[in-house]
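A look at the structure
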Amino acid sequence: GAVVSQHPSRVICKSGTSVKIECRSLDFQATTMFWYRQFPKQSLMLMATSNEGSKATYEQGVEKDKFLINHASLTLSTLTVTSAHPEDSSFYICSATGLVPDTQYFGPGTRLTVL
Amino acid sequence: GDSVTQMEGPVTLSEEAFLTINCTYTATGYPSLFWYVQYPGEGLQLLLKATKADDKGSNKGFEATYRKETTSFHLEKGSVQVSDSAVYFCALSQGQGGSEKLVFGKGTKLTVNP
């Protein structure tokens, strides 16, 4: 089946630093990737949608200058949290579609903790 | 905007018990409806889906029927197993769920004891 990986699985950083999270489709070409954020006991909330080679489309209320998304190839998308603050601490999940157009395949998530 | 409400967990059952996890939605038009499952340490996996009213999605003994009149998509299984222990998410999409955004419920944690 289609596999999506994320790296790192867990990261702790100091306030003010930037953190990059990678999302890779391992066995298929992902034309579209999605980035979600999940707070404890809350729903997954879509942050942005990215298509390979295009600028990401951000959901209302998501700061595009703070959450930089790059989808440079058909197998890799990155999310960079710039100048991270404690309120950015969360669980970030990516998904990808492309193999079967009507299905999203999810990564295992990245736990970000900002001290 | 569109939203999904699912029953609060956690849910704890004994093996072979009947499972129901309620899910209702608010949406414009005719969304597609999904159940995703997340096993410990893994990413969300599509469990089943339905794309139009009265459709029944089924997989691995789980079933859910798209009820437009009650805006519901309740998940059921007749006899749960320990291996069904996971977090279950109900979701909707205005598309087929591939290239369109998914709107999720908060998730329901299921624990099945032997």
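These lines cover the structure that appears in this document, whether it is placed above or below. (Residues numbered from 1 in each chain as written. Chains lettered and ligands numbered in written order. Predicted model: local features only at pLDDT ≥ 70, side-chain atom pairs only at ≥ 80, totals over all residues. Heavy atoms only, no water.)

**Brief notes about the interface of chain B and chain A**
Spelled out, the test is: Here, two residues are considered to be in contact whenever any of their heavy atoms come within 4.5 Å of each other. Here's the idea: put two parts together, see how much 1.4 Å probe accessible area each one loses, and the total over both is what we call buried area. Just to be clear on terms, a salt bridge is a Lys or Arg side-chain nitrogen sitting within 4 Å of an Asp or Glu carboxyl oxygen. Any N or O atom pair separated by 3.5 Å or less is treated as a polar contact, with the protein-specific requirement of one donor-capable and one acceptor-capable atom, and with residues adjacent in sequence counted only for side-chain atom pairs. Only runs of H or I of at least four residues qualify as helices and only runs of E of at least two qualify as strands under DSSP, and these elements are numbered from the N terminus. Gly falls in the polar group here, along with every residue not listed as nonpolar (Ala, Val, Leu, Ile, Met, Phe, Trp, Tyr, Cys, Pro) or charged (Asp, Glu, Lys, Arg).
In this assembly, 19 residues from chain B lie in contact with 18 residues from chain A. Around 1400 Å² of area is buried between chain B and chain A when both sides are counted, 54% of it from carbon and sulfur atoms. Counting the contacts that link chain B with chain A gives 1 salt bridge. Across the salt bridge formed by K101 of chain B and E59 of chain A, the nearest N and O atoms sit 2.8 Å from each other. Seen at the junction of chain B and chain A, the total is 5 residue pairs in polar contact (both at pLDDT 80 or more). At the level of elements, β5 (32-38) and β6 (45-50) of chain B are the ones that each hand at least two residues to the side of chain B that touches chain A. Looking at the side of chain B that touches chain A residue by residue, the class counts come to 6 nonpolar, 8 polar and 5 charged.

**Digging into unusual backbone geometry**
Backbone torsion omega between H7 of chain A and P8 of chain A reads 0°, so that peptide bond is classified as cis. Backbone torsion omega between G9 of chain B and P10 of chain B reads -10°, so that peptide bond is classified as cis. Turning to its location among the elements, P10 of chain B is positioned in the loop between β1 (3-6) and β2 (11-14). The phi angle at E16 of chain B is positive, at roughly 75°, despite the residue not being glycine. One non-glycine residue, D54 of chain B, adopts positive backbone phi at about 75°.

**Examining the environment of T12 of chain B**
All names here are of chain B. Its place among the elements puts T12 in strand β2. Remark: the alpha-carbon pair of T12 and G78, spanning 66 residues in sequence, is separated by 15 Å. Ignoring anything within four residues of it in the chain, the contact list for T12 reads T111 and N113.

**So, the nonpolar core**
Using the following cut-off: The term nonpolar core refers to a set of buried residues drawn from Ala, Val, Leu, Ile, Met, Phe, Trp, Tyr and Cys, joined through side-chain atoms within 4.5 Å. The cut-offs for exposure are 20% and 50% of the maximum accessible area for each residue type, with area from a 1.4 Å probe on protein chains only; residues under the lower value are buried, those over the upper are exposed, and the others partly exposed.
Ranked by internal contacts, the top residues of the largest apolar core, which has 27 residues, are W35, L47, L48, F73, L75 and Y88 of chain B. Elements that contribute at least two residues to this core include exactly β2, β3 (19-21), β4 (23-26), β5, β6, β8 (62-65), β10 (86-93) and β12 (108-113) of chain B. Top contributing element to this core by residue count: β10 of chain B, with 4 residues. Beyond its immediate chain neighbours, meaning those up to four positions away, L47 of chain B contacts W35, Y36, V37, N59, K60, F62, L75 and Y88 of chain B. Counting residues in each nonpolar core, the second largest holds 26 residues, with V11, A48, Y58 and L79 of chain A among its members.

**Remarks on the packing of aromatic side chains**
All names here are of chain A. Worth spelling out the cut-off: Aromatic pairing here means that ring centres of Phe, Tyr or Trp (its six-membered ring) are within 6.5 Å. Orientation follows from the plane angle: under 30 degrees is stacked, over 60 is edge-to-face, and everything else is tilted.
Applying the stated criterion to the full structure yields 12 aromatic pairs over all chains. Between F34 and Y36, the aromatic rings sit 6.4 Å apart at their centres with planes inclined by 35°, giving tilted as the arrangement. This pair shows no difference in class: F34 is buried, exactly as Y36 is. Ring geometry for Y36 against F106: centres 5.7 Å apart, planes inclined by 40°, an arrangement best described as tilted. Of the two residues, Y36 sits in strand β4 (residues 32-38) while F106 sits in strand β10 (residues 105-106), which places them 70 residues apart along the sequence. Each member of the pair, Y36 as well as F106, is classed as buried.

**A closer look at the sheet that holds strand β7 (residues 56-59) of chain B**
Residue and element names in this part refer to chain B. Heads up, the rule is: Strand pairing is assigned whenever DSSP detects at least two bridges linking the two strands. Between N-to-C directions, angles span 0 to 180 degrees; the directions come from axes that are lines fitted to C-alpha atoms, helices contributing only their stretch in contact.
Strand order in the open sheet formed by 4 strands is β3-β9-β8-β7, and the pairing between neighbours is antiparallel. Bordering the open sheet on either side are β3 and β7, each of which pairs with just one other strand. Here the strands of the sheet are splayed against their neighbours by 15° on average, with no regard to which way each runs. Both β3 and strand β9 (residues 75-77) contribute to a ladder of 3 bridges, which runs antiparallel. If you follow I21 over to β9, its bridge partner there is L75.

**Here we look at the sheet that holds strand β3 (residues 19-25) of chain A**
Residue and element names in this part refer to chain A. Strand order in this open sheet of 4 strands is β1-β3-β8-β7, and the pairing throughout is antiparallel. Either end of the sheet is taken by a strand with one partner, and the two such strands are β1 (4-7) and β7 (67-73). Taking each pair of neighbouring strands and ignoring which way they run, the sheet shows an average axis angle of 15°. Of the strand pairs in this sheet, β3 and strand β8 (residues 76-81) are connected by 6 bridges, and their pairing is antiparallel. Its bridge partner being in β8, V19 is matched across the sheet by V81.

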